[in-house]
Amino acid sequence: MQQHWLVIDLEATTEEGGWPVEEMEIIEIGASLVASDGHELDHFQRFVRPLRRPCLTSFCRELTHISQAQIDAAQPLAAIWPQFERWIGGHLSHLAGWGSWGDYDRRQFELEWRTHGLHSRLADLPHLNLKQRFASARQLQRPVGLNSALQLAGLNFQGQQHRALEDARNTARLLPLIHPT
Ligand code: AMP
Ligand code: MG
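Residues numbered from 1 in each chain as written. Chains lettered and ligands numbered in written order. Predicted model: local features only at pLDDT ≥ 70, side-chain atom pairs only at ≥ 80, totals over all residues. Heavy atoms only, no water.

1. Considering the coordination of the magnesium ion (ligand 2)
- On the protein side, the magnesium ion (ligand 2) has Asp9 (OD), Glu11 (OE) and Asp167 (OD) as donor atoms, found 1.9 to 2.1 Å from it.
- Sequence spacing of the donors to the magnesium ion (ligand 2): D-x1-E-x155-D. With Asp9 in strand 1 (residues 4-12) and Asp167 in helix 7 (residues 164-172), this pair connects stretches of sequence that are 158 residues apart.
- Overall, the relative accessible area of 7% leaves Asp167 in the buried class. (Donors = N, O, S within 2.8 Å, 3.2 Å for Na, K, Ca; no water. Helix = DSSP H or I, 4+ residues; strand = E, 2+ residues; numbered from the N terminus. Buried < 20%, exposed > 50% of the residue type's maximum accessible area, 1.4 Å probe, protein only.)

Following this line, the structure appears as structure tokens:
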């Protein structure tokens, strides 16, 4: 059976210098479902309204290009989550696992699933740290940022950086170079 991968990227509340993950809250989910050759089969994107700090810092707005109006109009994670689960439900039988650039996205998800008492079928799937995998595949001394990885692969970032779906899609372009299966 053909094996597909889900590449996920999250944007979250932040401030200059960054916050520990416990202080951050998801503001955007981007997911790109790809075949093993990296081409996109389906995608998912939603803004998420954070509950603890619903007002974005100017640093966060500038980093992500996400506006306060987009966040004000968004639903909280508890309402978005069933939509995401319904979406992946249709793809589960082909899904080998999910991946993200680094471990941050997995940690943020796990924290918020716990906080909001949500169940996720992602939790039952293997997670790949694609940043780590890329470093191993390329025999790099240490993992590099997404932009550097793309450059090493002879690619340029396409679209807006620090936007969830665009980050996920650019990460997915590296999948064929990582040979996850
Ligand atoms: P990314 O997927 O690289 O856009 O990062 C995910 C989230 O991490 C962002 O939405 C921010 O909340 C946070 N973040 C990323 N880069 C920075 C930075 N340079 N300073 C502070 N927070 C950051
Ligand atoms: Mg991102």
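2. Structural notes on the UniProt feature "domain: Exonuclease" (unreviewed entry) in the protein
- According to UniProt, the "domain: Exonuclease" (unreviewed entry) feature falls on residues 4-180.
- The straight-line gap between the two end C-alpha atoms of residues 4-180 is 10 Å; of that span, 37% is helix and 20% is strand. (UniProt positions renumbered as here; feature names shortened; annotations may be inferred.)

3. Looking at the pairing of strand 1
- Among the nine residues that make up strand 1, nine are buried, leaving the element largely enclosed by the rest of the structure.
- Both faces of strand 1 are covered, namely the face carrying His4, Leu6, Ile8, Leu10 and Ala12 and the face carrying Trp5, Val7, Asp9 and Glu11.
- Two elements, strand 1 and strand 2 (residues 26-35), share nine bridges in a ladder whose sense is antiparallel. Among the inter-strand pairings, Val7 is bridged to a residue of strand 2, identified as Ser32. (Pairing = 2+ DSSP bridges.)

4. Some thoughts on the site of ligand 1
- Asp9, Glu11, Ala12, Thr14 and His162 are the nearest of the 15 residues found near ligand 1.
- Between ligand 1 and the protein, one listed contact pairs an oxygen atom with a side-chain N or O atom of Glu11 at 2.6 Å.
- The separation between an oxygen atom of ligand 1 and a polar main-chain atom of Ala12 is 2.7 Å.
- For ligand 1, whose accessible area on its own is 480 Å², the fraction buried by protein is 72%.
- Top contributing element to the shell around ligand 1 by residue count: strand 1, with four residues.
- In the shell around ligand 1, the residues fall into six nonpolar, five polar and four charged. (Near = heavy atom within 4 Å. Polar contact = N/O pair within 3.5 Å; in protein donor to acceptor, adjacent residues only side chain to side chain. Areas by Shrake-Rupley, 256 points an atom, 1.4 Å probe, with all protein chains shown as cover. Nonpolar A, V, L, I, M, F, W, Y, C, P; charged D, E, K, R; others polar.)

5. Regarding the sheet that holds strand 1
- Spatially, five strands are ordered 3-2-1-4-5 in an open sheet, and the strand pairing comes out mixed. Strands with a single pairing partner mark the edges of an open sheet, and in this sheet they are strand 3 (40-47) and strand 5 (127-129). Direction aside, the axes of adjacent strands within the sheet are offset by 20° on average.
- The pairing of strand 2 with strand 3 spans seven bridges and is antiparallel. For Leu33, the partnering residue across the bridge sits in strand 3 and is Asp42.
- Where helix 3 (residues 77-89) meets the sheet, it contacts strand 1, strand 2 and strand 3, and its direction lies at approximately 170° from that of strand 3. (Axes fitted to C-alpha atoms, helices over the stretch in contact; angles between N-to-C directions. Contact = heavy atoms within 4.5 Å.)

6. Here we look at the nonpolar core
- Counting 21 residues, the largest nonpolar core has Leu6, Ile8, Ile29, Phe84, Trp87, Phe109 and Leu122 as its most contacted members.
- Elements with a contribution of two residues or more to this core: strand 1, strand 2, helix 3, strand 4 (95-100) and helix 4 (104-116).
- The next biggest cluster of nonpolar side chains, apart from the first, holds 17 residues, and it includes Val7, Phe134, Ala149 and Leu175. (Core = buried A, V, L, I, M, F, W, Y, C linked by side-chain atoms within 4.5 Å.)

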